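Examining the three-dimensional arrangement
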Amino acid sequence: MANRFIVEADGGSRGNPGPAGYGAVVLDAASGEVLAEAAEYIGTATNNVAEYKGLIAGLEAAGAIDPDAEIQVRMDSKLVVEQMSGRWKIKHPDMKPLAARAQRLFPAGRVAYQWIPREKNKYADRLANEAMDAGKAGRQWEPGRSSAGLAVAASAGGGGGSATGVAAALEVPAAEPLAEPKAAPVGWAAPADLGAPTTFVLLRHGETALTPQKRFSGSGGTDPELAAPGRRQAEAAAAALAARGTIQAVVTSPMRRCRETAEAVATRLGLDVRVEEGLREADFGAWEGLTFAEVRERFPEDLDAWLASSKAAPTGGGESFATVARRVAVARDKLLARYAGRTVLLVTHVTPVKTLVRLALGAPPESLFRMELSAASLSAVAYYADGNASLRLLNDTSHLR
């Protein structure tokens, strides 16, 4: 039986248009357990744009947990609910690509939309306001700083932000059958001028001492520097990218091996380097520093579970692939908003690169185990305004030969 999730989403603009942000929360439909939160400050935008971006973030978070789930979307935006339900036409040019993107995240038969009054959308509303407050302070919303769940639970007498308290505050309803699929609104049928895509050129960092030994090296262990071969690889990548001449910005994972690789490229291109926390490697818990064979010997049951399910985490509190996918998707959307229409180099790791490729292709989580990604290899994904993505390149190592 498919999982049933509730996605509650909201967006707001202080000025309409003005400083804007969105918030979304994913709940288990049966228990009311909070499964995921998402929020982001998106700069100057209208209420409707922010609301649609909140919907997209909520659906992406739900899809990262279980792409086969059935979804009940609850929003206090009559416009979004009616347009996504197919009852109202989408006329505004800013709304069409956003609606199309939301539509493609789940088949229509697995998503139902329900309007709710604003007072019943407290969680998402608070997340959106947290995101706008963060933007006003010159930073982005961070999950660790959020108090939305605690505040909502407390308002219902839940006291401590527990799943029970949050569920009571949100008045999570019993799961209802999803509506039958409806024909797409007429507004979606018209061709749109998509403009220039946003292109992410994905560069895996160069070798460290752990790379040739194929040891797990994530964000939960040591933070190794580039080895001598890795520095040569970074310089070779920099020369190749300089020759192409298309990179307009450089963004990197905070891990040392990525920052050193990014600096080599940015120096050659005359660009600054921006750090994005969401691009860090997965945390491999107790497996950090071990080879696959060593993990198989010490933690055979945990390894089998990890290989079988994207929701299984490595031994000792590491991150599951589902958790990483949610984090990477949030970082992707943030960077797409910031660098719309530009070509950006993202210097990151095996798991984030494979995740971006998987999400672009709409491939299942198990595809992560079926991609080869060499040190200092280049891949590329183009993202269009209608929500579509196109894989342009995967694991190119020609510059290293």
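Scoring rules and cut-offs
- Residues numbered from 1 in each chain as written.
- Predicted model: local features only at pLDDT ≥ 70, side-chain atom pairs only at ≥ 80, totals over all residues.
- Heavy atoms only, no water.
- Axes fitted to C-alpha atoms, helices over the stretch in contact; angles between N-to-C directions.
- Helix = DSSP H or I, 4+ residues; strand = E, 2+ residues; numbered from the N terminus.
- Parallel < 35°, antiparallel > 145°, perpendicular 65-115°, else oblique.
- Contact = heavy atoms within 4.5 Å.
- Nonpolar A, V, L, I, M, F, W, Y, C, P; charged D, E, K, R; others polar.
- Pairing = 2+ DSSP bridges.
- Core = buried A, V, L, I, M, F, W, Y, C linked by side-chain atoms within 4.5 Å.
- Buried < 20%, exposed > 50% of the residue type's maximum accessible area, 1.4 Å probe, protein only.
- Expected span 1.5 Å × (residues − 1).
- Salt bridge = Lys/Arg side-chain N within 4 Å of Asp/Glu carboxyl O.
- Patch = residues over 30% accessible without salt bridge, like charges linked within 9 Å, V, L, I, M, F, W, Y side chains within 5 Å.
- Areas by Shrake-Rupley, 256 points an atom, 1.4 Å probe, with all protein chains shown as cover.
- Left-handed = near helix turned anticlockwise from the far one by under 90°.

Thoughts on the packing of helix H11 (residues 321-338) against helix H12 (residues 350-361)
Their axes nearest at 10 Å, the elements H11 and H12 cross at an angle of 75°. When the axes of H11 and H12 are compared, the pair comes out roughly perpendicular. Counting all contacts with H11, which are made through Phe-321, Val-324, Ala-325, Val-328, Ala-329 and Arg-332, the residues of H12 involved are Thr-351, Pro-352, Thr-355, Leu-356, Arg-358 and Leu-359. Here the contact of H11 with H12 is built from residues that sort into eight nonpolar, two polar and two charged.

Describing the sheet that holds strand E5 (residues 111-115)
Spatial ordering of the open sheet is given by E3-E2-E1-E4-E5, a layout of five strands whose pairing is mixed. The strands lining the two open edges of the sheet, one partner per strand, are strand E3 (34-45) and E5. Within the sheet, the average angular offset between the axes of one strand and its neighbour, ignoring direction, is 20°. Pairing of strand E2 (residues 18-28) with E3 involves ten bridges; the strand directions are antiparallel. Within E3, the position partnered with Val-26 by the bridge is Ala-36. Running at roughly 155° to strand E1 (residues 4-13), helix H1 (residues 47-65) makes contact with E1, E2, E3, strand E4 (70-75) and E5 of the sheet. Strands E1, E2 and E3 of the sheet are contacted by helix H4 (residues 122-136), whose axis makes an angle of about 140° with E2.

Structural notes on the nonpolar core
Ranked by internal contacts, the top residues of the largest apolar core, which has 36 residues, are Tyr-52, Leu-55, Ile-71 and Val-73. Counting only elements with at least two residues in this core, the list comes to E1, E2, E3, H1, E4, helix H2 (78-84), helix H3 (95-105) and E5. Not counting chain neighbours up to four residues away, the residues in contact with Leu-55 comprise Ala-9, Val-73, Met-75, Val-80, Met-84, Ala-102 and Tyr-113. In terms of nonpolar packing, the next biggest core, distinct from the first, is built from 30 residues, Phe-284, Leu-303, Val-324 and Val-344 among them.

Some words on the sheet that holds strand E10 (residues 378-383)
An order of E8-E7-E9-E6-E10-E11 is seen for the six strands of this open sheet, with the pairing classed as mixed. Each having just a single partner strand, strand E8 (273-275) and strand E11 (389-396) make up the two edges of the open sheet. Here the average twist between neighbouring strands, direction ignored, is 20°.

What about the pairing of E4?
Of all six residues in E4, five are buried; the element is thus mostly enclosed. Examined bridge by bridge, E1 and E4 share six bridges and lie parallel to one another. Within the sheet, the bridge partner assigned to Glu-8 lies in E4 and is Arg-74. As judged from the five bridges shared by E4 and E5, these two strands associate in the parallel manner. From the neighbouring strand, Val-73 faces E5, where its bridge partner is Tyr-113.

Description of H1
The end-to-end C-alpha distance of H1, which contains 19 residues, comes to 27 Å, matching closely the 27 Å that a straight helix rising 1.5 Å per residue would cover. Counting buried residues along H1, 16 of its 19 residues qualify, which places the element largely inside the surrounding structure.

Side note on the side chain of Glu-60
Looking at the secondary structure, you find Glu-60 in helix H1. With relative accessibility at 12%, the residue Glu-60 sits in the buried group. Excluding residues that lie within four positions of it along the chain, Glu-60 makes contacts with Arg-101, Leu-105, Ala-329, Arg-332 and Asp-333.

Points about unusual backbone geometry
That bond from Asn-16 to Pro-17 is cis: its omega, 5°, falls within 30 degrees of zero. With respect to the helices and strands, Pro-17 occurs in the loop between E1 and E2. Mapped onto the secondary structure, Asn-16 falls in the loop between E1 and E2. A positive phi is found at Ala-376, a non-glycine position, where the angle reads about 60°. Position of Ala-376 among the secondary structure elements: in the loop between H12 and E10. Since its relative accessible area comes to 1%, Ala-376 is described here as buried.

Some words on the pattern of salt bridges
Throughout the structure, instances matching the rule amount to 19 salt bridges. Across the pair Arg-101 and Asp-333 runs a salt bridge whose closest N-O atoms are separated by 2.6 Å. Of this pair, Arg-101 sits in helix H3 while Asp-333 sits in helix H11, and the two are 232 residues apart along the sequence. Both residues of the pair, Arg-101 and Asp-333, count as buried. Across the pair Arg-327 and Glu-319 runs a salt bridge whose closest N-O atoms are separated by 2.9 Å. Its relative accessible area of 14% is what places Glu-319 among the buried residues. Through salt bridges with shared partners, a single ionic network connects Glu-60, Arg-101, Arg-332 and Asp-333.

With respect to a nonpolar patch on the surface
A grouping of Phe-292, Leu-307 and Phe-369 is seen on the molecular surface, where their side chains present a nonpolar patch of about 250 Å² in accessible area. As for its position among the elements, Leu-307 is in helix H10 (residues 300-308). Of the residues examined, Leu-307 reaches a relative accessible area of 34% and is grouped as partly exposed.

Considering the packing of H1 against H3
At a closest axis distance of 9 Å, the pairing of H1 and H3 adopts a crossing angle of 15°. When the axes of H1 and H3 are compared, the pair comes out roughly parallel. Relative to H3, the crossing made by H1 is left-handed. From H1, Asn-48, Val-49, Tyr-52, Lys-53, Leu-55, Ile-56, Leu-59 and Glu-60 reach across to H3, where they touch Met-95, Leu-98, Ala-99, Arg-101, Ala-102 and Leu-105.

By themselves, these are just geometric observations and shouldn't be taken as functional.
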